[in-house]
Amino acid sequence: MFAVTASPSGLEQLWFALIGVLWLGYFFLEGFDFGVGVLLPFVARDDVDRRVVINSIGPVWDGNEVWLLVAGGATFAAFPLWYATVFSGFYLALFVVLAALIVRGIAFEFRHRRDDARWRRAWDRAIFWGSALPALLWGVAFADFVHGVPIVAGGAWTGTFFDLVKPYALLGGLATLSLFTLHGATYLGLKAEDPVRENARAVGQRLAPVTFVLVTAFLGWTYLSAHAWHHVGLVPPLLPILAVGVLAAVGWLIGERMEGWAFVATAFVVLALFTTLLLDLYPNVLVSSVRTSYDLSIVASASHPYTLKVMSWVALIFTPFVLVYQGWTYWVFKKRVGRPGRVEQPTEA
Amino acid sequence: MSALLAGISTLTLARWQFAVTTVFHFLFVPLTIGLSLLVAILQTAAYRTGDEAWERATRFFGKLFLVNFAIGVVTGIVQEFQFGMDWSRYSVFVGNIFGAPLAIEGLLAFFMESTFLGVWIFGRGRVSPRVHVLSIWLASLGTILSAAFIVAANAWMQHPVGYAIDPRTHQAVMTNFWAVMTNSTFVLEYGHVLFAAFLTGAAFLLGVAAWHLRRGHDTAAFAKAARVGVVVVLIAAVGTIFLGDSQGKQMETQQPMKMAAAEALYDTTSAASFSLLTIGNLSGNPIFQVRVPHILSVLATNTWDGQVEGIHQLQAQATKKYGAGSYVPVIWLLYWTFRIMVGLGILLLALGAIGLWLMRKRRLEQSPRFLRFAAWMILAPFIANSVGWIFTEVGRQPWVVYGLLKTSNAVSVISPGYVATSLIGFTAIYTVLAIIEIALMIRLARIPEAPLSPAEAEAAPELVY
């Protein structure tokens, strides 16, 4: 196809990069939200502790999730064919993600509205599964983007649901699930008081080696698979090597109670992992497992320059404001969340 | 599954899915837009006067607002992605134009709304009272902005402007962003939707307050809320009706078939009468009808004897212009949704007007019949919002983008089994959520807010969630 040989224009490169940044922002921020949700049953021994865990992300989770909506909207506007192909092709997987995000979001808001043990236990389950499933499935999806899905010319889908769950993609899903959970543990280490803080530390130390194995295997496979060799930014593979190196230190940082650095480290690994995948993908947006010439390229899926220019101006003007006020809320809620001096014990605990 | 689905097309299922998820989403969104503004007003009054009664009204309605807000947010995520899932050919065709307002909505509105709402929920005692009030105003502004962009996207589907068709890819591409954002259809539609949202919030505020006033609960706080409710119901009802009427005239020039179908007007007529009610069928030979002379001409053209085009003539014109096929939407659905919407709008106007009259006579709190009426009228805007959207979206059929792309050419090329799975899944989840939400809402709405001790009012609550 002619589109594969044409190289992307500056505007198209910019929008590929911006959408990449939106996904990175999303995984960095909601990554720890997911981790906190997955850890909920493991770091809290009673209802008050569970509330501490939930309140640690309470003021920010919704704003964090908006990064996903903006990434989706920006993909729709800048690369309509990418948006259309991915979301119709990953249909059932995306349905599961959406359903999970729905029950999880409701759970945060509804859980505390009734002081009833059964009510709260049901929402706790919703938070756990609503966090674990997207954490797993986003990894599966991004692995599929780079390793190929059954598309033919023009992004037409020829496969079934089971084409999406191959070993490489499953490994990718387990790697992100484990990494986000670890990221959540380092976040709780920063944001919660004891005993949640201490429990998160213990879980984090046990989880770090598992995550190291999964992420190293996944990045190694990504790098060694044929595609990687052709792509800019991966030769030499500085980023994946750095990611694995930093990840190796996370367990030690947690053990040494260097909580700030441990969080920075897991954040770095999240960003480096997804940057590696995006660099591997470039200059395509979706790889075809049928034939290389069917790869969906940036050029073939991009909107016209006029749309991209309008969007660039809007992004240039408004993004600084968003970053400033979202950053400001983290500063407002910088205090650790702990067990209150005087809170009624709910019936269950 | 496949046996059950025999004969049901992906198109039919995808349309049902869009209808279910969108109508459900839009039950909550107008209440979010309306209540965020009203809670901001209540809290500003509390801040200015230091009156504990305003404070209690703010906390009480703030709590209900948040329960409602959560469902609006999470069901909105589905809206962002289902265009790609079920309507991939539509997405490719319109992405250049339709995607831009969606992305901008996220960047400008959703971030603002969610971030400042987080500050508002958790910020009491952590930020200054002034910043706390400001945060609910900014969240409210975020909801108002988000409606602007999504309605601009919808208005483009109703009346495409500022575009060209790329001869190579056959996509619609944007040529003028300013034209898209100042589309004449958008201006009226946005005003109508926004006023309807304020009307929804205000009728809710008034109705819940009326329920408590009738039982003599916390009359200080609820009388204040009811008065704010009455004033906003009246202003918003006038605005909604006025703009809706202007939309009718615009529809007669932009989408005449929608107007003809809404009236079941089969043949072009001058000095057309308006049918209030039809019994029998809408085929042009009804058994019994109540008609008001000249009113349809006035509604559609603003003149006493104006000509209103009929379905037969419009169908013939459309066939000539676009080729063979039916260009007639589902007439009975349009006929009745239009009447229900307009009827409820007028009832809500009456609610506001009677309320204001009672307020002037200082009898608002002592009028049990009005208070009971107001409590029941909570439901009216929800029904009117739903049938209004069903009317305008079904009325555009067979087009998804008017005159440019038919709905049947917009759907994804995927197995009906997928769509059936997610349709059943979303419907099940939404039904369960609706039951839980309504039960929780009623439970919380029945308990008046207890006064806080001065110490409690000062301190930041340690665990909010």
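Bear in mind that the values here come from a model prediction, so they are computed numbers and not experimental data. (Residues numbered from 1 in each chain as written. Chains lettered and ligands numbered in written order. Predicted model: local features only at pLDDT ≥ 70, side-chain atom pairs only at ≥ 80, totals over all residues.)

S.K.: I'm lost on the overall build of chain A in this one. Help?
M.R.: Regarding its fold elements, chain A presents 13 helices and two strands. Expected size for 349 residues packed as a compact globule is a radius of gyration near 20 Å; at 21 Å, chain A falls within 12% of this value. Considering only C-alpha atoms, chain A reaches an extent of 70 × 40 × 35 Å along its principal axes. Across chain A, contacts joining residues at least 24 apart in sequence account for 81% of those joining residues at least 6 apart. (Helix = DSSP H or I, 4+ residues; strand = E, 2+ residues; numbered from the N terminus. Rg over C-alpha atoms; globule rule 2.2 N^0.38 Å. Contact = placed C-beta atoms within 7 Å.)

S.K.: How should I be thinking about the overall build of chain B in this particular structure?
M.R.: Scanning chain B for helices and strands turns up 15 helices and eight strands. Relative to its length of 465 residues, chain B is compact, with a C-alpha radius of gyration of 24 Å against a globular reference of 23 Å. With the principal axes as the frame, chain B shows a C-alpha extent of 75 × 50 × 50 Å. Scored against the burial criterion, the 465 residues of chain B give a buried share of 51%. (Buried ≥ 20, exposed ≤ 12 C-beta atoms within 10 Å, placed from the backbone.)

S.K.: I would appreciate a short explanation of the interface of chain B and chain A in the present structure.
M.R.: By convention, interface size is frequently given as the accessible area that disappears when the constituent parts associate. With 59 residues of chain B in contact, the opposing surface of chain A contributes 60 residues. For the side of chain B that touches chain A, the secondary structure elements donating two or more residues are helix 2 (52-86), helix 3 (88-122), strand 2 (172-174) and helix 14 (416-446) of chain B. Considering each element in turn, the side of chain B that touches chain A owes the most residues, 23 residues, to helix 3 of chain B. Here the side of chain B that touches chain A is built from residues that sort into 38 nonpolar, 17 polar and four charged. (Nonpolar A, V, L, I, M, F, W, Y, C, P; charged D, E, K, R; others polar.)

S.K.: Honestly, the nonpolar core in this entry has me stumped. Any pointers?
M.R.: Soluble, globular proteins show a tendency: their nonpolar side chains are buried together. All names here are of chain B. One finds Leu-38 and Val-233 to be the most contacted residues of the largest nonpolar core, which totals 282 residues. Here the element with the most residues in this core is helix 3; it accounts for 22 residues. When residues no more than four places from it in sequence are discounted, the contact partners of Val-233 are Leu-199, Ala-202, Ala-203, Leu-206, Leu-348, Leu-351, Gly-352 and Gly-355. (Core = buried A, V, L, I, M, F, W, Y, C linked by C-beta atoms within 7 Å.)

S.K.: Explain helix 2 of chain B to me, please; I cannot follow it from the model alone.
M.R.: An α-helix turns once every 3.6 residues. As a result, residues three or four positions apart point the same way. All names here are of chain B. With 35 residues, helix 2 extends 51 Å between its outermost C-alpha atoms, agreeing within 8% with the 51 Å of an ideal straight helix rising 1.5 Å per residue. Helix geometry: helix 2 is bent most strongly at Glu-80, by close to 35°. When you tally the buried positions in helix 2, you get 30 out of 35 residues, the bulk of the element. (Expected span 1.5 Å × (residues − 1). Bend = angle between axes of the 7 residues up to and from the residue.)

S.K.: Sorry if this is basic, but what is going on with the domain arrangement of chain B here?
M.R.: All names here are of chain B. If you check the domain split of chain B, you get domain 1 (14-255 + 329-446) and domain 2 (256-328). Contacts between the two partners involve 15 residues from domain 1, matched on the other side by 17 residues from domain 2. Secondary structure elements with two or more residues in the side of domain 1 that touches domain 2: helix 7 (219-254) and helix 11 (331-360). Looking at the side of domain 1 that touches domain 2, its residues break down into eight nonpolar, three polar and four charged. (Domains from an automatic or database assignment.)

S.K.: Quick question: what am I supposed to make of the packing of helix 8 (residues 167-191) of chain A against helix 11 (residues 259-281) of chain A here?
M.R.: Angle between the axes and distance between the axes: these two values describe a pair of packed helices. Residue and element names in this part refer to chain A. Where helix 8 meets helix 11, the closest approach of the two axes is 8 Å, and the angle between their N-to-C directions is 155°. Taken as axis vectors, helix 8 and helix 11 run roughly antiparallel relative to one another. The hand of the helix 8/helix 11 crossing is left-handed. Contacts between helix 8 and helix 11 involve Leu-179, Leu-182, His-183, Thr-186, Tyr-187, Gly-189 and Leu-190 on the former and, on the latter, Glu-259, Gly-260, Ala-262, Phe-263, Thr-266, Ala-267, Val-269, Val-270 and Leu-273. Residue composition of the contact of helix 8 with helix 11, grouped by class: 10 nonpolar, five polar and one charged. (Axes fitted to C-alpha atoms, helices over the stretch in contact; angles between N-to-C directions. Parallel < 35°, antiparallel > 145°, perpendicular 65-115°, else oblique. Left-handed = near helix turned anticlockwise from the far one by under 90°.)

S.K.: Is there a simple way to explain the confidence of the model for chain A in this structure?
M.R.: Close inspection of predicted coordinates is inappropriate in any region flagged by low pLDDT. Residues and elements named next belong to chain A. Per-residue pLDDT for chain A has a mean of 89; in total, 93% of the residues score no lower than 70. Confidence, read as mean pLDDT per element, is least for helix 1 (residues 2-5) in chain A (46) and greatest for helix 8 (96). Between residues 342-349, whose pLDDT stays under 50, and residues either more than four places distant or in other chains, the model counts 12 contacts. (pLDDT = per-residue confidence, 0-100.)

S.K.: How should I be thinking about the packing of helix 3 of chain B against helix 4 (residues 129-158) of chain B in this particular structure?
M.R.: All names here are of chain B. For the pair helix 3 and helix 4, interaxial distance at closest approach is 8 Å and the crossing angle is 165°. Regarding the angle of helix 3 to helix 4, the classification is roughly antiparallel. Where helix 3 crosses over helix 4, the handedness of that crossing is left-handed. Grouping the constituent residues of the contact of helix 3 with helix 4 by class yields 23 nonpolar, five polar and two charged.

S.K.: For this particular structure, what's the right way to read the environment of Leu138(B)?
M.R.: All names here are of chain B. With respect to the helices and strands, Leu-138 occurs in helix 4. Judged by local crowding, Leu-138 falls into the buried class, with 20 C-beta atoms found within 10 Å. The contact partners of Leu-138, leaving out residues within four places of it in the chain, are Met-112 and Phe-116.

S.K.: What am I meant to see in unusual backbone geometry here?
M.R.: Apart from glycine, the bulk of residues carry a negative phi angle, and the bulk of peptide bonds sit in the trans form. Put simply, Tyr282(A) and Pro283(A) share a cis peptide bond, and its omega is 5°. Positionally, Pro283(A) belongs in the loop between helix 11 and strand 1 (284-286). Cis geometry marks the peptide bond from Gln397(B) to Pro398(B); its omega dihedral reads 10°. Within the secondary structure, Pro398(B) is located in the loop between helix 13 (379-394) and strand 7 (399-401). At Ala271(B), a position not held by glycine, the phi torsion is positive, near 50°. Note on placement: Ala271(B) falls in the loop between strand 3 (269-270) and strand 4 (274-279).

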